[in-house]
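Residue-level structural notes
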Amino acid sequence: MITLASDFGSPYPAAMRGVILSRTDARLVDIAHDLPRGDVRTAAFWLAQILPTFPPAVHLAVVDPGVGTDRRGIVLRAGDHALVCPDNGLSLPAARELTEEGSESNGSGDAIEAFEIDPGADGFPGTDRAGATFDGRDAFAPAAAGVHEEGVDALEGIEWLSGTEEYEDLSFPDPEIEGESARGEVLVVDGFGTAITNVAGEFVAERFGEEVAVNGTRVPAERSYAHVAPGEALVTVGGHGNVELAVNDGRGIDAFGVGIGDEVRIDR
Amino acid sequence: MITLASDFGSPYPAAMRGVILSRTDARLVDIAHDLPRGDVRTAAFWLAQILPTFPPAVHLAVVDPGVGTDRRGIVLRAGDHALVCPDNGLSLPAARELTEEGSESNGSGDAIEAFEIDPGADGFPGTDRAGATFDGRDAFAPAAAGVHEEGVDALEGIEWLSGTEEYEDLSFPDPEIEGESARGEVLVVDGFGTAITNVAGEFVAERFGEEVAVNGTRVPAERSYAHVAPGEALVTVGGHGNVELAVNDGRGIDAFGVGIGDEVRIDR
Amino acid sequence: MITLASDFGSPYPAAMRGVILSRTDARLVDIAHDLPRGDVRTAAFWLAQILPTFPPAVHLAVVDPGVGTDRRGIVLRAGDHALVCPDNGLSLPAARELTEEGSESNGSGDAIEAFEIDPGADGFPGTDRAGATFDGRDAFAPAAAGVHEEGVDALEGIEWLSGTEEYEDLSFPDPEIEGESARGEVLVVDGFGTAITNVAGEFVAERFGEEVAVNGTRVPAERSYAHVAPGEALVTVGGHGNVELAVNDGRGIDAFGVGIGDEVRIDR
């Protein structure tokens, strides 16, 4: 199984599908191809949410503002999964979820191992479109197909991969919790305009049915959108497990006046 | 085979794919994930149009404005198909199409049978994300995977299902036809702004090439968009088989000044 | 394998999936379903880009402004591939790529062979929805399923196909190159507002890191977007291999003041 995620929009992802299917008959499963363009951090958040729901697979992810520069491509082995992506931190939060014991995927506790991709090496199953700058199609899709064919256990034997200790990391800040007060930030905004914070859901789940203060304004904390009228703001816990600032049938970022990276102080 | 439909947008549906594929290796086929958010009626219309084109399958559909409340989840058996969804009427029009003799799918005439899902029962193949409110991932996707594994014929033996006679229904109003006059309504609006009515296509198909009156204004009735110039309004029969109010390369709802639920009177 | 491309938006493509899967268990792969509505030329460009990345397959493509008129449906055999589409030129550039020696797909040099579809002939695996006008579901999807079942080598034996020498062609104009000056045009605009020209990438690739003049204005020619600041215009070579007029994190068509069909003169 190979999953595919990118910020390519349409129809470019289909070229990755074609290149992969010309090299392997793996099952293909789309994660999303409308990830915010060039936004590595938001993509990393979603990959960490979604990839642990999957059985062992090769996960191809391309959000790559550095395409055409000398940034490397890497393969990360995380338990029984492999993640193929540019070396910009994109898959690190997901890789940690896939390996950490007690995480969503009940990882084995194995360490993450990294391998650098050399698309110029002998045996690399690349395309013949060297003139263009579409590494999703010409480097990452072939690499994902190759890793799938060889097997996640056999990365050491692939001649166009070489083990590396150095790669870009990316992690999300932890919130500060002091008594009844949490100081966190907006990590990402979803397609409906809901602001997803880094504060763990438990912090407000205990107050469902009551009010909490968000940046000084009191707002109902509810188990789901359906508990407030359309157009009304609420604090709730999203499917990702974090506190989110939302509006039933509306845009939380407008109602709360926040965007990505903004501080969020919650007093319960 | 499991089909997936939702109003989740992106990238949330991928979490349902992952959860399912961790529980079964069924083929997955997307219906749509950009159904209008929280609009059970419009989603029900499209499911009734599309699901009968499929061979026997498990159909997972989640448009669920009541998520987080005590609304139940149900499985409907309709002939050789199973429909897994919240108990809000979402899949009832499709279930009727799948069972009624003489319907699009040439159903067997079997009655629809309903089963309530108990995600807290022993053996329910749920996730361990109980704190969040994402029933698509944590209740309906596991239920669809479980139904697929056990088989549509074996729902009675599934310990987390119990037969029920009571469930929410949803049906579309019939138009009134008197001689050469039909009084119907706009059922749904598609993504191109075309108003789809509840009047059966035959009512205007006999007048293709002539004009009919829509709410008092004369408009050409044509077999297809290509019979009028770009920007011109027409009355035609959509792929769904119903009369639709359209504009070639434009938005029918603007030209006809109608929206969902509005009365449409057609005099031929 | 059957690939699917259309301008149907959502959820109509799912009806084609259902119809196909009721007739064959072929693997389905989406190309795109948000191709610009009714724009045969742009769709033809993308099909020619993408289909050659695929292994032998049946390619169903429906962008069909003439639906409901007497335009024919055709099947083109191009090497080991079959293309099923309306007879409006949609698949001709792709078919040439799939057959020409030295093309992206390293075609065999075989000639393109065309067959007319007769949906009224005996044995046509059509639906029973004759009243509607949804040829994607009722004619092209069944034809693609039928071709897949019979095999691309066996088109001569299919009773609802008949060989034809006449079909609509579609091709893209060649640019005029004189010394250091190229006079081309904008072929298509992608979803990010980048203007893709008919000038081969080599013409500017030799000047990467320098400036060239586009319609008289000097602009940097760069290997990739990352070489200019966000908001800055550049000339580069897209994944398609052609010169494109772009803005890093912006819309090239606005910065360069061009649209589809407009002349582009590049002096290097």
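Residues numbered from 1 in each chain as written. Chains lettered and ligands numbered in written order. Predicted model: local features only at pLDDT ≥ 70, side-chain atom pairs only at ≥ 80, totals over all residues.

To continue, consider the packing of helix α2 (residues 40–50) of chain C against helix α3 (residues 92–99) of chain C. When two helices pack together, their arrangement is captured by the angle between the axes and the distance separating the axes. Residue and element names in this part refer to chain C. It is at 7 Å that the axes of α2 and α3 come closest, and there the two elements cross at 20 degrees. Here α3 runs roughly parallel to α2, going by the angle between their axes. In this structure, the crossing between α2 and α3 has a hand that is right-handed. Contacts between α2 and α3 involve Ala44, Phe45, Leu47 and Ala48 on the former and, on the latter, Leu92, Pro93, Ala94 and Glu97. Class assignment for the residues of the contact of α2 with α3 results in seven nonpolar, no polar and one charged. (Axes fitted to C-alpha atoms, helices over the stretch in contact; angles between N-to-C directions. Helix = DSSP H or I, 4+ residues; strand = E, 2+ residues; numbered from the N terminus. Parallel < 35°, antiparallel > 145°, perpendicular 65-115°, else oblique. Left-handed = near helix turned anticlockwise from the far one by under 90°. Contact = placed C-beta atoms within 7 Å. Nonpolar A, V, L, I, M, F, W, Y, C, P; charged D, E, K, R; others polar.)

A few words on the pairing of strand β3 (residues 58–62) of chain B. Residue and element names in this part refer to chain B. The element β3 is extensively covered by neighbouring structure, given that five of its five residues are classed as buried. Side-chain alternation along β3 places Val58, Leu60 and Val62 on one buried face and His59 and Ala61 on a second face that is also buried. Summarising the sheet, strand β1 (residues 2–6) and β3 pair through five bridges and their orientation is parallel. Residue pairing across strands places leucine 4 opposite leucine 60, the latter belonging to β3. (Buried ≥ 20, exposed ≤ 12 C-beta atoms within 10 Å, placed from the backbone. Pairing = 2+ DSSP bridges.)

As a further point, take the sheet that holds strand β7 (residues 161–164) of chain B. Residue and element names in this part refer to chain B. Strands sit in the order β2-β1-β3-β5-β4-β6-β7 across an open sheet of seven strands; the sheet is mixed. Taken across any chain shown, the strands that pair with only one partner, and hence form the sheet edges, are β2 (28–32) and β7. On average, each strand axis in the sheet is inclined to that of its neighbour by 25 degrees, with strand direction left out of account. Here strand β6 (residues 113–117) pairs with β7 via four bridges, running antiparallel. Among the inter-strand pairings, isoleucine 117 is bridged to a residue of β7, identified as leucine 161. In the packing of helix α1 (residues 13–21) onto the sheet, contacts are made with β1 and β2, and the angle to β1 comes to roughly 155 degrees.

Tallying the contact residues gives 23 residues for chain B and 25 residues for chain A. Of all the elements, α1 of chain B adds the most residues to the side of chain B that touches chain A, at six residues. When the residues that make up the side of chain B that touches chain A are grouped by side-chain class, the tally is ten nonpolar, ten polar and three charged.

A few words on the relation of the copies chain C and chain B. The operation relating chain C to chain B is a screw motion whose rotation component is 120 degrees, with 0.0 Å of axial translation and a residual RMSD of 0.0 Å. Both copies of the chain, as the preceding transformation shows, are related through a three-fold rotation axis. When C-alpha positions in chain C are compared against the rotation axis, the closest is assigned to arginine 27 of chain C, at 5.4 Å. (Least-squares fit on C-alpha atoms with pLDDT ≥ 70 in both.)

A few words on the interface of chain C and chain B. Taken residue by residue, the interface counts 23 residues in chain C and 25 residues in chain B. Considering every element that reaches the side of chain C that touches chain B, the biggest residue donor is helix α1 (residues 13–21) of chain C, with six residues. Looking at side-chain class alone, the side of chain C that touches chain B contains ten nonpolar, ten polar and three charged residues.

Below, the discussion takes up unusual backbone geometry. Phi is mostly negative for residues that are not glycine, and the peptide bonds are mostly trans. Residue and element names in this part refer to chain A. Here the amide bond leading from serine 10 into proline 11 is cis, since omega sits at 5 degrees, within 30 degrees of zero. One non-glycine residue with positive phi stands out, namely asparagine 215, at about 50 degrees. Along the chain, the position of asparagine 215 falls in the loop between β11 (211–214) and β12 (217–220).

In this section: the pairing of strand β9 (residues 181–189) of chain A. Residue and element names in this part refer to chain A. In the sheet, strand β8 (residues 176–178) pairs with β9 via three bridges, with the strands oriented antiparallel. Counted as the bridge partner of isoleucine 177 is alanine 182 from β9. Taking the residues that link successive antiparallel strands as the turn, the β8-β9 hairpin has two residues, and the phi of glycine 179 there is positive, at about 60 degrees. Of the pairings in the sheet, the one linking β9 to strand β10 (residues 195–200) comprises three bridges and is antiparallel in character. Residue valine 189 lies in a different strand from β10, and its bridge partner there is alanine 195. Between the end of β9 and the start of β10, which pair antiparallel, lie five residues, with glycine 193 showing a positive phi angle near 85 degrees.

Residues and elements named next belong to chain C. By the criterion of burial, α3 is predominantly enclosed, with seven of the eight residues buried. Regarding α3, the residues found buried are Leu92, Pro93, Ala94, Ala95, Glu97, Leu98 and Thr99. Check the buried side of α3 and you find it contacts α2, β4 (73–78) and β5 (81–86).

With that settled, the discussion passes to the domain arrangement of chain A. Interfaces are frequently sized by the accessible area removed from exposure as the parts join. The domain boundaries assigned to chain A delineate domain 1 (2–164) and domain 2 (176–267). Taking only C-alpha atoms, the centre of domain 1 of chain A and the centre of domain 2 of chain A are 32 Å apart. (Domains from an automatic or database assignment.)

This part is about the sheet that holds β5 of chain C. All names here are of chain C. Read from one edge of the open sheet, seven strands run β2-β1-β3-β5-β4-β6-β7, paired in mixed fashion. Every other strand in the sheet has two partners, leaving β2 (28–32) and β7 (161–164) as the edge strands with one partner each. Neighbour-to-neighbour, the strand axes of this sheet turn through a mean angle of 25 degrees, independent of strand direction. Where α3 meets the sheet, its contacts fall on β4 and β5, and the angle it forms with β4 comes to roughly 15 degrees.

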